[in-house]
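# Commentary on secondary and tertiary structure
Each chain, letter by letter, is given below.
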Amino acid sequence: MKPVKVGLLGLGTVGTGVVRIVEGHQEDLASQVGSPIVIEKVLVQNKSKARNVSMDQDKLTEDPWDIIRHPDIDVIVEVMGGIGLTKEYILEALSLGKHVVTANKDLMALHGPEILAKAQENRCDVMYEASVAGGIPIIRTLVEGFSSDRINKIMGIVNGTTNFILTKMSQEGASYLDVLKEAQELGYAEADPTSDVEGLDAARKMTILATIGFRANVALEDVSVQGISSVSKEDILYAKRLGYEVKLLGIAERQDDLISISVQPTMVKQTHPIASVNGVFNAVYVYGEAVGETMFYGAGAGELPTATSIVSDLVAVVKNLKLGVNGMQGSLAYKEKKLKTDEQISSKYFLLLKVADRAGVLARITQVFADFEVSLESVLQQPTPSNPEVEIIVITHDANKAAMKKVLASFESLDVVHEVKSVYRVEG
Ligand code: NAP
Ligand code: HSE
């Protein structure tokens, strides 16, 4: 049995996991694919750096072309991250007929269509299960498990860092900045956490999921993005009192052929299964027209969970190799993309307003909602220490985004509204 030779680009957290799984599960993997899988060469930046896994020094290289142009390497596993150089390496590998497995959500969200087109042109596979929700096999589920259905909604907690922060804020009543600092000390949050806390990482993952789920090429610019840096412990307290948890949700929705994709902190009813996903865990809720509600839960990152997805992709590529069917899965995004306008995007909203405490104020506020045909589900008023001011909490019925923007613009010029403290989408 001729071994299948793999070139690994990167030997950091995920690369180390890939080596451990390929070596540790070698017998099972070989039985499944019919030949041994061998890691032939490994690209690193610095060959003399200490490694967390034993690796023959001769296999390490600092020259990417040693791997990409290696005549015996069949599959490239890209776990080095980055966009510019990495794209160049992957395109070159594909043009040389090598299959690619990658964990790179940044690259796939920005350049997925170009990379997949190049793969098709060269009859190569490109697989990227690990790029979204680490160890959860959500991409294969959408592509294969739900190939018979039409997906109407994908709702995901796809960023572990922000879920860790929001969970701690909810469970301990701590402030955003205190928990962020703790997350950085524990190594959950990066020294520069912008991409995670401002929702960009989740937006990239939702771009990938929406493209696959709705079979249309969604671009990163199509995702409306808001992060968690303005979520206060007071917001979370109010949410809990009303029976909600605050979660950073990626939400992709389809009605007829119109779609919308967003990432925002969202108040989720505590009875919804996604509200109980805590800590660094990820979950993806999928609603299919025929199947109804489903939910997938697991580790969204980490050495071995992420490597599990990568090695499963590797197995799929090698099985295709044996069958001679690489690059023949056809286009995943065969539908025209039609985005909803703000008038067509609808959800419930939570608003926390600080308003003057005098006769007629509530009537003036509810009139603004009425002016733009936003119907209210509940209204709660309570005194604050700063007299004469009260807090009003409003939960709307389903309202369109354009109407809500007009409501908020009207509050800016309404003298009795001192502050629109918070606005959240509501789910569940
Ligand atoms: P990492 O720990 O920083 O490892 C990156 C590896 O790539 C290192 O071995 C580094 O070499 C090598 N490398 C980076 N740039 C290079 C270059 N220009 N030339 C040669 N080698 C280079 O990263 P990671 O956490 O494993 O993440 C890898 C990828 O997986 C990223 O795309 C990430 O978004 C994705 N991902 C990660 C996770 C996770 O849990 N970490 C989960 C899902 C997806 P040196 O070791 O010599 O520095
Ligand atoms: N920064 C990401 C997260 C890593 O927190 O989920 C996994 O993609």
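Residues numbered from 1 in each chain as written. Chains lettered and ligands numbered in written order. Predicted model: local features only at pLDDT ≥ 70, side-chain atom pairs only at ≥ 80, totals over all residues. Heavy atoms only, no water.

Strands sit in the order β3-β2-β1-β4-β5-β6 across an open sheet of six strands; the sheet is parallel. Both outer strands of the open sheet, β3 (60-61) and β6 (126-127), are each paired with one neighbouring strand and no more. In the sheet, strand β1 (residues 4-9) pairs with strand β4 (residues 75-78) via four bridges, with the strands oriented parallel. Directly across from V6, in β4, lies its bridge partner V75. The strands touched by helix α1 (residues 13-24) are β1 and β2 (37-43); relative to β2, the strand with the most contacts, the crossing angle is about 160°. (Pairing = 2+ DSSP bridges. Helix = DSSP H or I, 4+ residues; strand = E, 2+ residues; numbered from the N terminus. Contact = heavy atoms within 4.5 Å. Axes fitted to C-alpha atoms, helices over the stretch in contact; angles between N-to-C directions.)

Another point: the layout of surface pockets. Estimated volume of the largest pocket: approximately 1500 Å³. Along its surface, the largest pocket is lined by 50 residues, and T13, V14, K105, E190 and A301 are the ones closest to its centre. Of all elements in the fold, only α1, α5 (105-121), α7 (160-172), α9 (194-197), α10 (200-214) and β11 (281-288) reach the threshold of two or more residues within the lining of the largest pocket. (1 Å grid on protein atoms, 1.4 Å probe; cavity = no way out; pocket = protein on both sides within 12 Å on 5 of 7 lines; lining within 4 Å. Points joined across faces, edges and corners; volume = space filled by probe spheres on them.)

Moving on to helix α11 (residues 233-241). Buried within α11 we find D235, I236, Y238 and A239. In a view along the axis of α11, the buried residues occupy a sector of 160°, so they form one face of it. Facing away from the buried surface of α11 by more than 90 degrees, the exposed residues are L237 and R241. (Buried < 20%, exposed > 50% of the residue type's maximum accessible area, 1.4 Å probe, protein only. Arc of directions from axis to C-beta.)

Per the stated rule, a full pass over the model turns up six aromatic pairs. An angle of 65° between the planes, with centres 6.3 Å apart, marks the rings of F146 and F296 as edge-to-face. Taken together, the residues F146 in the loop between α6 (138-145) and β7 (151-157) and F296 in strand β12 (residues 292-299) connect sequence positions 150 residues apart. When the ring of F164 is compared with that of Y188, the centres are 4.7 Å apart and the planes differ by 55°; the resulting orientation is tilted. Taken as a pair, F164 in helix α7 and Y188 in the loop between α8 (176-185) and α9 lie far apart in primary sequence, 24 residues in all. By relative accessible area, F164 is classed as buried at 8%. (Phe/Tyr/Trp six-rings, centres within 6.5 Å; stacked < 30°, edge-to-face > 60°.)

Attention now goes to the packing of α7 against α11. Running from amino to carboxyl end, α7 crosses α11 at an angle of 70°, the nearest separation of the two axes being 9 Å. Judged by the inter-axis angle, α7 sits roughly perpendicular to α11. Regarding α7 and α11, the two cross each other, and that crossing is right-handed. The segment α7 lies against α11, with L166, M169 and S170 engaging K233, I236 and K240. For the contact of α7 with α11, the class distribution of residues is three nonpolar, one polar and two charged. (Parallel < 35°, antiparallel > 145°, perpendicular 65-115°, else oblique. Left-handed = near helix turned anticlockwise from the far one by under 90°. Nonpolar A, V, L, I, M, F, W, Y, C, P; charged D, E, K, R; others polar.)

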